[in-house]
Amino acid sequence: MRKILVINPGSTSTKIAVYDSHTQLWQENIEHDSAVLQTYPTIFAQIPYRLPMILRCYEQHGDKLEELACVMSRGGLLPPLPAGAYEVNDEMIDVLDNRPMVAHASNMGAAIALQIARPLGIKAYIYDPVTVDEMIDLVRVTGLKEVTRYGQGHNLNMRAAALRYCREGGLDYKQQNLIVAHLGGGITLTLHAGGRIIDMVSDDEGPFSPERAGLIPTYKLARLIFNDNMDYREIMKKLQRQGGLNGLLGTTDVRQVQERMAAGDEEAALVYEAMALSVAQGIGRLAVVVDGAVDQIILTGGIAYSELFTGKIEKRVRFIAPVTILPGENEMQALADGACRVLDGEETATVYRESKAKRPL
């Protein structure tokens, strides 16, 4: 038996799971008191509160820490870096604590993992964080000198879906051109070619989603900000949490939208169709980067469970390539699979070093 502890901190909960290699033995979602969390001045200040709860939950399952082969955590918002596994060290923790791209609960995951692993003499890792960026220079250029495109999306689940598709089909990931769309509260897409994520569509430049506004005409957006005298926090809240289905239909639940459609709600039907179209447009945008030579399109994420929604996308993009549906978030399994690739010697974990390159806006 080769046990792996997987940790995934969220804003008000921490998911943990134990795997025997690729097989999940158990999973728990530890809920945290929001009122208690609000008493901590920073995200990292929450670690002494969360860590004992994680260890207590682990021990309640009858497991012993000494049985662990490694600890794997969801990666935080580090500055842009290539895909793969990274060994957690003090330098990474310093960046996540003091200089992350964005303050987010996932930033503390690496520190929690290291605090568990270090006394045991084993390694702590992160895998495919949100800020994976392997984009080619050609697609980074925009029409504003001050703004450069960079990668940021649901890389963990999308790359796991791409690797799973290749593994189950007996294909070499490095020889495939794949477009993967993550369909969730936010929608992002990636183009995989030559074993790299060479381009992507982030949640602020493509499809709108249950919560995100997606691509907005910039002139009109500038006018909205100016006319309503919005500050940065206000406009980001509108774009990230109050846009998409939430702003248009007053719900973030795709199932509720489908129920309204079935009851004859024409507005719900129009918005639903438009969201599916926006995903298809994102797929088309990525396809032209490789001159249309796409081997497979993969739809994943929670909304991919909806055959109605994926069917509307597939109808519009199957002329580009066949479509495979791999529904679900699958973050915990993706992290465990990444740990196995390191333990099996299929991948070598990179020892993290802080990049001195200029950070993107």
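Our subject is the structure that appears above.
Report on the accompanying structure.

Here is what the cut-offs are and how they apply
- Residues numbered from 1 in each chain as written.
- Predicted model: local features only at pLDDT ≥ 70, side-chain atom pairs only at ≥ 80, totals over all residues.
- Heavy atoms only, no water.
- Salt bridge = Lys/Arg side-chain N within 4 Å of Asp/Glu carboxyl O.
- Helix = DSSP H or I, 4+ residues; strand = E, 2+ residues; numbered from the N terminus.
- Buried < 20%, exposed > 50% of the residue type's maximum accessible area, 1.4 Å probe, protein only.
- Arc of directions from axis to C-beta.
- Contact = heavy atoms within 4.5 Å.
- Pairing = 2+ DSSP bridges.
- Axes fitted to C-alpha atoms, helices over the stretch in contact; angles between N-to-C directions.
- Phe/Tyr/Trp six-rings, centres within 6.5 Å; stacked < 30°, edge-to-face > 60°.
- Core = buried A, V, L, I, M, F, W, Y, C linked by side-chain atoms within 4.5 Å.
- Left-handed = near helix turned anticlockwise from the far one by under 90°.
- Nonpolar A, V, L, I, M, F, W, Y, C, P; charged D, E, K, R; others polar.
- Parallel < 35°, antiparallel > 145°, perpendicular 65-115°, else oblique.
- Polar contact = N/O pair within 3.5 Å; in protein donor to acceptor, adjacent residues only side chain to side chain.

### Let's talk about the pattern of salt bridges
Summed over the entire model, instances satisfying the criterion amount to 23 salt bridges. Between R353 and E91 there is a salt bridge, and its shortest N-O distance comes to 3.8 Å. Here R353 is found in the segment after strand 12 (350–351), whereas its partner E91 is found in helix 3 (residues 90–98), with 262 residues between them in sequence. On the basis of relative accessible area, R353 is assigned to the exposed category, the value being 54%. Residue E91 is classed as partly exposed on the basis of its relative accessible area, which comes to 29%. Several salt bridges converge on common partners, so that one network encompasses R149, D199, E205 and R285.

### Quick word on helix 3
Residues M92, I93, V95 and L96 constitute the buried set of helix 3. Down the axis, helix 3 shows its buried residues gathered within 160° of arc, on one side only. As for helix 3, its buried residues are in contact with strand 5 (85–87), helix 4 (109–117) and strand 6 (123–127).

### Concerning the sheet that holds strand 9 (residues 196–201)
Spatially, five strands are ordered 9-8-7-10-11 in an open sheet, and the strand pairing comes out mixed. At either margin of the open sheet sits one strand with a lone partner, and together these are strand 9 and strand 11 (323–327). Ignoring strand direction, the axes of neighbouring strands in this sheet form an average angle of 20°. Note: strand 10 (residues 296–301) against strand 11, five bridges, orientation parallel. Each bridged residue has a counterpart across the sheet, and for I298 the counterpart in strand 11 is T324. Here helix 10 (residues 266–287) sits on the sheet in contact with strand 7 (177–183), strand 8 (187–193), strand 9 and strand 10, set at roughly 25° to strand 8.

### Description of the environment of A160
Looking at where A160 falls in the secondary structure, it is placed in helix 5 (residues 155–169). As for A160 and A222, which are separated by 62 residues in sequence, their C-alpha atoms are 37 Å apart. Discounting residues that sit within four places of it in the chain, A160 has contacts with N155 and A334.

### Here we look at the packing of aromatic side chains
This structure, assessed with the given rule, holds three aromatic pairs. Between Y40 and Y49, the ring centres sit 5.9 Å apart and the planes meet at 35°, which makes this aromatic pair tilted. You can call Y49 buried: its relative accessible area is 19%.

### Remarks on the sheet that holds strand 4 (residues 68–74)
Taken in spatial order, the seven strands line up as 3-2-1-4-6-5-12 in an open sheet, and their pairing is mixed. Only two strands of the sheet have a single neighbouring strand rather than two, namely strand 3 (23–31) and strand 12. The sheet contact formed by strand 1 (residues 3–9) and strand 2 (residues 13–20) spans seven bridges and is antiparallel. By the bridge assignment for strand 2, I4 is matched with Y19.

### Here we look at the nonpolar core
Ranked by size, the top nonpolar core spans 38 residues in total, and within it L5, I7, V71 and M92 carry the most contacts. For this core, the secondary-structure elements that each account for two or more residues are strand 1, strand 2, strand 3, helix 2 (47–60), strand 4, helix 3, helix 4 and strand 6. Setting aside chain neighbours within four positions, we find L5 in contact with I16, A17, V18, Y58, L68, C70, V71, M72 and I116.

### Here we look at the packing of helix 5 against helix 12 (residues 331–343)
Two elements in contact, helix 5 and helix 12, have axes whose closest approach is 9 Å; the angle formed by their N-to-C orientations is 65°. In this structure, the crossing between helix 5 and helix 12 has a hand that is left-handed. Counting all contacts with helix 5, which are made through L156, A160 and L163, the residues of helix 12 involved are E331, A334, L335 and R341. Of the residues assigned to the contact of helix 5 with helix 12, the class counts are five nonpolar, no polar and two charged.

### Remarks on the packing of helix 10 against helix 11 (residues 307–317)
In the contact formed by helix 10 and helix 11, the axes pass within 9 Å of each other and the chain directions differ by 45°. The pairing of helix 10 with helix 11 is recorded here as oblique in orientation. The crossing of helix 10 and helix 11 is right-handed. Contacts from Y272, E273, M275, A276, L277, V279, A280 and I283 in helix 10 reach L308, F309, K312, I313, K315, R316 and V317 in helix 11. The residue makeup of the contact of helix 10 with helix 11, split by class, is 11 nonpolar, no polar and four charged.

### Regarding the side chain of H182
Relative to the helices and strands, H182 resides in strand 7. Reaching out from H182, the side chain makes a polar contact with the side chain of N157 at a distance of 3.1 Å. A distance of 3.4 Å separates the side chain of H182 from the side chain of E329, its partner in a polar contact. Leave out the neighbours within four places in its chain, and H182 touches H154, N157, M158, I187, T188, T300, G301 and E329.

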